[in-house]
Amino acid sequence: MTPGQAWVLGLASLASFMMALDSLVVTTALGTIRQDLAASIESLEWTVNAYSLTFAVLLLTGAALGDRFGRRRVFVTGLAVFTAASAACALSPDIGTLIAARALQGAGGAMVLPLSLTLITVAFPPERRGRAMGLYLGLTGLATFSGPFVGGVVAEGLAWQWIFWLNLPIGLAAIALTVRRVEESAGPRNRLDLGGVALVTLGALGVVWGLVRGNAAGWGSTEVLGTLLLGVALLIAFVAWERRAEAPMLPMRFFRLRAFATAASANFLVFASLYGTMFFLAQYFQIVHGDGPLGAGLRLMPWTATLMVCAPIAGRLADRVGERTFVAGGLLLQSVSMGWIALAAGPGAGYLELLPALITSGAGLTMAMPAAQKAAVGAVLPHEIGQASGAFMTLRIFGGVLGVAVSVAVFAATGGYASPAEFGAGFAAAMGAVTALALAGLLTALGMPRGRTALTSVPRPETVR
């Protein structure tokens, strides 16, 4: 590995680590944020979904901007936006400001994360790219493992604001070193799909807004029904637009392929189940079990450790037995685990009663995620793998947004924060909803082709009209 390659790999991995860590530590500190800023459950939900929404809708646009204006330039711009938004999060005097700053963080992340992968791809030849990607994903996995612990330490030992202040020195150092050590590169100057970005942004916002406001405003209210119907209509318009766009952000032709359509849909539901679980688990341990943020973070580490340790193993085994077995089997484990927690969780439930379910849930998610991605990208032609990967990642983030919205809606309808017992009742119902999402994913995964995914011929864009 040359010094230039080492710098690219190190800085791309550092950026990915910072963003993965930020997402996980925020979920651990949600309980503290709720108390300090007197946030409602709706507002708390938006601190997570505001980031995810802007990240998801701008992800493919961020990659396209890098190709057009220079990958290093846009990568550095994204780091600057993310770092400045982190400072705004830390300085937020109220929950509304925090939500706005989190949305800005998502926009910065959408420029950084796809380009971190592109920079590695450009810097390393094909025969060395796999090892580089393994190191990159390993550092991201370290953030997954340590995130709950770091979030607990910061929220309990310092203050939740330090979750965001920690990004400043890392971000500033990454910006300075990237400008000095990483060479500029560019890609095809493809036309930006601004119409698609606008339609999917407004459509997703309408659906999520309706789900968030359903319990407070009433599910039959004009506000909720209107935003839900408008959101669905805009998403339908987005599909129609993408079918005719010259350079679509989400090529609809991919969904004509059974392997891609089923794997991407199953993974959408994997992340819906994952994010719905992640939103409530740390809060459950703090409110029902009486743990502090640090104690809650430590209790989550067996779950996150399983996600980090088992991913490489699951990826290799999927090559031998086929992706469908791992996606369906993983979702079955997630369904059983979350159903277990939904039934067992309560004020009198001990941690050891829940620990086996946390471990099997982590194992199930780890089985499903890499196998689903392998099946999806293996279904397209080699020159379309990058576009398929971007579309796959966008859908999985939207799955997370939906999972949080659905689980919070169920929680708000059945429980609340007034007492541990009331929270426990809402938590159990929310985990029931998460179980239903995983079961829907299982049914979808059963539609995947048997055996290993073979490369399938994809219709050329000009034939799909």
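Report follows, based on the coordinates. The shown structure was predicted, so the numbers you read here are calculated from the model rather than taken from an experiment.

The subject of this paragraph is the environment of E242. Positionally, E242 belongs in helix 10 (residues 222-244). For E242, a relative accessible area of 2% corresponds to the buried category. Sequence separation of E242 and D193 is 49 residues, and the distance between their C-alpha atoms is 8.7 Å. Not counting residues up to four positions away in its chain, the partners in contact with E242 are D193, G196, P248, M249, L250 and M252.

Our next topic: the packing of helix 1 (residues 3-28) against helix 11 (residues 258-287). Relative placement of two packed helices is described by the angle separating their axes and the distance separating the axes. One way to put it is that helix 1 packs onto helix 11 with a least axis distance of 8 Å and a crossing angle of 40°. It follows that helix 1 is oblique to helix 11 by the angle criterion. Contact residues: L24, T27 and T28 in helix 1; M278, A282 and Q286 in helix 11. Of the residues contributing to the contact of helix 1 with helix 11, the split by class is three nonpolar, three polar and no charged.

Moving on, we come to the environment of A263. Summarising the element assignment, A263 is placed in helix 11. Distance from A263 to V377, taken between C-alpha atoms, is 9.5 Å for residues 114 residues apart in sequence. Setting aside residues no more than four positions away along its own chain, A263 makes contact with A372, A375, A376, F392 and M448.

A few words now on unusual backbone geometry. Backbone geometry places A38, a non-glycine residue, at a positive phi of 50°. Inspection of the secondary structure puts A38 in the loop between helix 2 (30-36) and helix 3 (41-69).

By the definition in use, this model includes one salt bridge. Salt-bridge contacts for D291 lead to R299; the nearest nitrogen and oxygen are separated by 2.6 Å. Given a relative accessible area of 18%, D291 falls into the buried group.

Further remarks concern the packing of aromatic side chains. Enumeration according to the criterion identifies 16 aromatic pairs in this entry. Between W46 and W209, the aromatic rings sit 6.0 Å apart at their centres with planes inclined by 45°, giving tilted as the arrangement. Highlighted residues: W46 in helix 3 and W209 in helix 9 (residues 194-217), separated in sequence by 163 residues. Taking the relative accessible area as the measure of exposure, W46 reaches 13% and is therefore buried. Seen from their ring centres, W160 and F164 are 6.3 Å apart, and the 85° between their planes marks the pair as edge-to-face. Per residue, the accessibility class of W160 equals that of F164, and both read buried. Three or more aromatic residues link up through ring pairs in this structure, and these residues are F279, F280, Y284, F285, Y351, F411, Y417, F423 and F427.

Calculation notes
Residues numbered from 1 in each chain as written. Predicted model: local features only at pLDDT ≥ 70, side-chain atom pairs only at ≥ 80, totals over all residues. Heavy atoms only, no water. Helix = DSSP H or I, 4+ residues; strand = E, 2+ residues; numbered from the N terminus. Buried < 20%, exposed > 50% of the residue type's maximum accessible area, 1.4 Å probe, protein only. Contact = heavy atoms within 4.5 Å. Axes fitted to C-alpha atoms, helices over the stretch in contact; angles between N-to-C directions. Parallel < 35°, antiparallel > 145°, perpendicular 65-115°, else oblique. Nonpolar A, V, L, I, M, F, W, Y, C, P; charged D, E, K, R; others polar. Salt bridge = Lys/Arg side-chain N within 4 Å of Asp/Glu carboxyl O. Phe/Tyr/Trp six-rings, centres within 6.5 Å; stacked < 30°, edge-to-face > 60°.

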